[in-house]
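The primary structure of each chain is shown beneath.
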Amino acid sequence: MKRLFLLLLAMLCLTSGEAKKKKTSGNPIFPGWYADPEGTVMDGRYWVFPTYSAPFDEQLHFDAFSSRDLVTWTKHERVLEQKNVPWLRRALWAPAVIAANGRYYLFFGGNDVHEGEVGGIGVAVADRPEGPYRDALGRPLINDIVNGAQPIDQFVFHDDDGRYYMYYGGWRHCNVCRLSSDLLSIVPWPDGQLFHEVTPSESYVEGPFMLKRGGKYYFMWSEGGWTGPNYCVAYAISDNPFGPFKRIGKILEQDASVARGAGHHSVIQVPGRDEYYIVYHRRPLSETDGNHRETCIDRLYFNPDGTIRPVKMTFEGVKARKLKKH
Ligand code: FUB
């Protein structure tokens, strides 16, 4: 009896110790090399969809992670796999996920495409956020290199008027296009073009992201080389989704006491609240391998004048933040 009591006591201590350990998310928020995280809220849960950060030839699937409080994360393995994307050979990159039409759409870059090759931005669809996702078109949605932009690093933005825009582009160029309401095709602009270039400045490299707050459009992107220490995130503010996007400054960069190569981010807004979390990847100080990138989370704050405060990268991560049930 006494032994049973002691065992129960030990279990209780362990559990409360565990709970203590998990008061904050910690950084990285889950183990493994994962990059280009897309953070969002779907189906009453927080979600992070990252790139599996292995050598290009091994990048043939995505895992996803969900959480009810930003602190404890559940892994959903292989939500998208090569077997469900007939044209994918390698370099499955930078997922962008959105719920629409009662389904879930996962946009991705495939094959690290160059002129004359098959690859680019694809779209896969599932009935549940955790997949399984299946390629919807049997070919890339965007294969061609237009305005010098490599078709990778897409972000789908749903504006208040119901329109869907996709920002994308590597190789220092960024395009915007309008997506149809089924999210499976591109609607031409009034001038007949499919893509308009919206590259914000000479320092833009890749990883565009759009956030609307207080009627203003916050356009963000990554600068520098993703394999090096100087990778970082900068931003601009505009009155409309098409720019021009005038660079204001950096919001995320390396910190010699925390990590290097911080970039390719996304922002989670707590629904209905003026409360934001930046999800990004960074390279531990001990690592130099380009692919050794970890997914982290920290708070993103706005100044009273609407500009964004530079992010303080932490090892602690963020405190528990439960979502309200709707
Ligand atoms: O992870 C592969 C590539 O690295 C992404 O597409 C870029 O944005 C960079 O993070």
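Residues numbered from 1 in each chain as written. Predicted model: local features only at pLDDT ≥ 70, side-chain atom pairs only at ≥ 80, totals over all residues. Heavy atoms only, no water.

1. What to know about the sheet that holds strand 8 (residues 134-135)
Then, number 1: In spatial order, the strands read 5-6-7-8; together these 4 strands make up an open sheet with antiparallel pairing. For this open sheet the edge positions go to strand 5 (93-100) and strand 8, each flanked by a neighbour on one side alone.
Then, number 2: Note: strand 6 (residues 103-110) against strand 7 (residues 120-126), 7 bridges, orientation antiparallel. If you follow Gly-109 over to strand 7, its bridge partner there is Ile-121. (Pairing = 2+ DSSP bridges. Helix = DSSP H or I, 4+ residues; strand = E, 2+ residues; numbered from the N terminus.)

2. Describing the packing of aromatic side chains
Then, number 1: For the coordinates displayed, the defined rule picks out 21 aromatic pairs.
Then, number 2: Aromatic side chains Tyr-165 and Phe-242 sit 5.3 Å apart centroid to centroid with 85° between the ring planes, which places their arrangement in the edge-to-face category. Linking Tyr-165 in strand 10 (residues 164-168) with Phe-242 in the loop between strand 16 (232-238) and strand 17 (247-252), this pair joins segments that are 77 residues apart in sequence.
Then, number 3: Residue class for Tyr-165 comes out buried when judged on its relative accessible area of 3%.
Then, number 4: These aromatic residues form a ring-pair network of at least three members: Phe-30, Tyr-34, Tyr-52, Phe-65 and Trp-73.
Then, number 5: Across from the ring centre of Phe-302, 4.0 Å away, lies the NZ or CZ of Arg-213, which sits over that ring. (Phe/Tyr/Trp six-rings, centres within 6.5 Å; stacked < 30°, edge-to-face > 60°. Buried < 20%, exposed > 50% of the residue type's maximum accessible area, 1.4 Å probe, protein only. Lys NZ or Arg CZ within 6 Å of the ring centre and 35° of its normal.)

3. Section: the nonpolar core
Then, number 1: The biggest cluster of nonpolar side chains holds 37 residues, and the ones touching the most others in it are Tyr-167, Met-210, Leu-211, Met-220, Leu-252, Leu-300 and Ile-308.
Then, number 2: Setting aside its immediate chain neighbours within four residues, Leu-211 contacts Lys-216, Tyr-217, Tyr-218, Met-220, Val-267, Tyr-276 and Phe-302.
Then, number 3: Core analysis: the next-biggest nonpolar cluster, separate from the first, contains 21 residues, Ala-96, Ala-100, Tyr-105 and Tyr-164 among them. (Core = buried A, V, L, I, M, F, W, Y, C linked by side-chain atoms within 4.5 Å. Contact = heavy atoms within 4.5 Å.)

4. A few points about the sheet that holds strand 15 (residues 216-223)
Then, number 1: Sheet architecture is open: 4 strands sit in the order 14-15-16-17, paired in antiparallel fashion. Taken across any chain shown, the strands that pair with only one partner, and hence form the sheet edges, are strand 14 (206-213) and strand 17. On average, adjacent strands in this sheet sit at an angle of 30° to one another, irrespective of strand direction.
Then, number 2: Bridge count for strand 14 against strand 15 is 6 bridges, and the pairing is antiparallel. Its bridge partner lying in strand 15, Phe-209 is registered against Met-220. (Axes fitted to C-alpha atoms, helices over the stretch in contact; angles between N-to-C directions.)

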